[in-house]
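Take a look at the letters that make up each chain.
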Amino acid sequence: MKIHNTLTQQLEELIPLEGNTIRLYTCGPTVYNVAHIGNFRAYIFEDVLRRSIKYFGHDVIQVMNLTDVDDKTIAGARQAGVPLDAFTRAYKTAFFEDLKTLNIEPAEHYPAATEHIPEMIALIQTLMAKGYAYRSEDGSVYFSVSSFPAYGKLAHLDMAGMRPGARVQHDEYEKENVADFALWKAWDEKDGDVVWDAPWGRGRPGWHIECSAMATRYLGESFDLHTGGVDNIFPHHEDEIAQSEAASGKPFVRYWMHCAHLIVDGRKMSKSLGNFHTLRDVMSRGYTGREIRYVLMAGHYRQSLNFSFESLVGARSALQRLDEFQDRLGQVATGLHGGGLPDWAELAREKFDAGLADDLNISESLGALFDMVHAGNRAIDSKALSAGDAGAVQALLTRFDTILGFLAKPADTVPVEALNLLELRQQARQTKNWAEADRVRNELAILGWIIQDTPQGPKLKRK
Ligand SMILES: [Zn+2]
């Protein structure tokens, strides 16, 4: 399996550092609100990556951190007037619900930053003892970028214009503002009761040190693979490398992978443009986790993905086509074994695997799948598919679904017909066509569904 390594900017064979296990760190959510579909694009990419590593025969230990203390969570808790842990708890719960909705495989570890403060303090102490970090007048601790000559190797920065000794307090900053960054932020009035004691003074960790400390705690000082969105390359991942390698004296991570942005209707997603969607917003419009998973997965991870509601409609019909094919296969297969893959299915298997192994070229894999559906339907039409061979094709689809995670229909999925009716009712209501809305409601009732109007929009529940 080859992947594109941001560090070397090359396609490289993914080979474990030790044994057969790939140790993977994936930057997780900052739990100050519910995640939006752009966040989930990255988590879906990481899910496909994780599943692919296993598909090609390796084991995976994945860590995804939960950032529950940083500039944003503290500001959110303060605004809501609740303690930090109470504020973040609700968003942690929502995050795990959303992962389930999208059929994202759970990671092995989900460490929360607030539960690993001692590890962060120890790491900062090591950096201070080795001369890579210093305490400023106010009791904050900064990483001295000029003490680490390799700084900039991930983001491929030209450090010539750097201003030595300049400092940046905030967790996020631009490349033009390369400067000593905060490992520890001295207590400030706006931190309220969010504070820990450290040998150099009271305060809280910076965002970047959280990931270095938790990655090392669960995966060791050197591990295989670290991922995130392109936004994370600088400064977050660059800073992680500097902190970790300065402290341990060892290479931190061998392979780095980053997925591109998600754009909405061709534009950057933003609240002011009104095209900012959380997963929950999209679901409240009647789309399923399965359909959203399909859309978020369908493009190459290194190309920006254009999300639109038309693409969800496209996903719905693509999934319908896949469901129909699986139903037809089921009618031909008798459960008897002894069949083999017909040539067209064998070809699909080869292409599917080749696509994945080529830096997760999922478009090629999906192309192979739909070519197979086309050929398979023709074989069924002309009665050229034996029961045994149909069973072998079913088994192949099960194998594909270990990557795709959308072929098997979730047990309690609302069927497409019911969702279409729900949409029809929404349209009727919007045009104040109450008679039509009632008619559709009755039709849904006949199908066994009742509509519940919730603050997140209408939902279907089984009668
Ligand atoms: Zn991180």
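The structure this text deals with has already been given above.
What counts and what doesn't
- Residues numbered from 1 in each chain as written.
- Predicted model: local features only at pLDDT ≥ 70, side-chain atom pairs only at ≥ 80, totals over all residues.
- Heavy atoms only, no water.
- Donors = N, O, S within 2.8 Å, 3.2 Å for Na, K, Ca; no water.
- Helix = DSSP H or I, 4+ residues; strand = E, 2+ residues; numbered from the N terminus.
- Buried < 20%, exposed > 50% of the residue type's maximum accessible area, 1.4 Å probe, protein only.
- Pairing = 2+ DSSP bridges.
- Axes fitted to C-alpha atoms, helices over the stretch in contact; angles between N-to-C directions.
- Contact = heavy atoms within 4.5 Å.

Caption draft 1: Quick peek at the coordination of the zinc ion. Within the protein, the atoms that donate to the zinc ion are Cys-27 (SG), Cys-211 (SG) and His-236 (NE2), at distances of 2.0 to 2.2 Å. In the primary sequence, the donor residues of the zinc ion line up as C-x183-C-x24-H. In this pair, Cys-27 is assigned in the loop between β3 (21-26) and α1 (37-55) and His-236 in helix α6 (residues 233-248), connecting sequence segments 209 residues apart. By relative accessible area, which is 8% here, Cys-27 ends up buried.

Caption draft 2: Looking closely at the sheet that holds strand β10 (residues 223-229). The strand order across the open sheet built from four strands is β4-β3-β10-β11, with neighbouring strands paired in parallel fashion. Each edge of the open sheet carries a strand with a single partner, namely β4 (59-64) and β11 (253-259). Neighbour-to-neighbour, the strand axes of the sheet open up by a mean angle of 25°, direction not taken into account. Here β3 pairs with β10 via three bridges, running parallel. The residue of β10 that forms the bridge with Thr-26 is Thr-227. Its contacts with the sheet put helix α5 (residues 207-219) on β3, β4 and β10, and the angle it makes with β3 is roughly 160°.

Caption draft 3: Focus on the pairing of strand β8 (residues 180-186). Taken across its seven residues, β8 has seven buried, putting it largely inside the fold. Across three bridges, the pairing between strand β6 (residues 141-143) and β8 is antiparallel. Among the inter-strand pairings, Tyr-142 is bridged to a residue of β8, identified as Ala-182. One ladder, built from three bridges, connects β8 with strand β9 (residues 203-205); its direction is antiparallel. Its bridge partner lying in β9, Trp-184 is registered against Pro-205.

Caption draft 4: Structural context of unusual backbone geometry. Following Phe-234, the chain continues into Pro-235 via a peptide bond in cis, with omega recorded as 0°. Mapping Pro-235 onto the fold places it in helix α6. If you check the backbone angles, Asn-103 has positive phi at about 55° while not being a glycine. Considering the arrangement of structural elements, one finds Asn-103 in the loop between α3 (84-101) and α4 (117-129). Even without being a glycine, Asp-359 presents a positive backbone phi close to 55°. Along the polypeptide, Asp-359 turns up in the loop between α10 (343-357) and α11 (362-381). When its relative accessible area of 2% is taken as the criterion, Asp-359 is described as buried.

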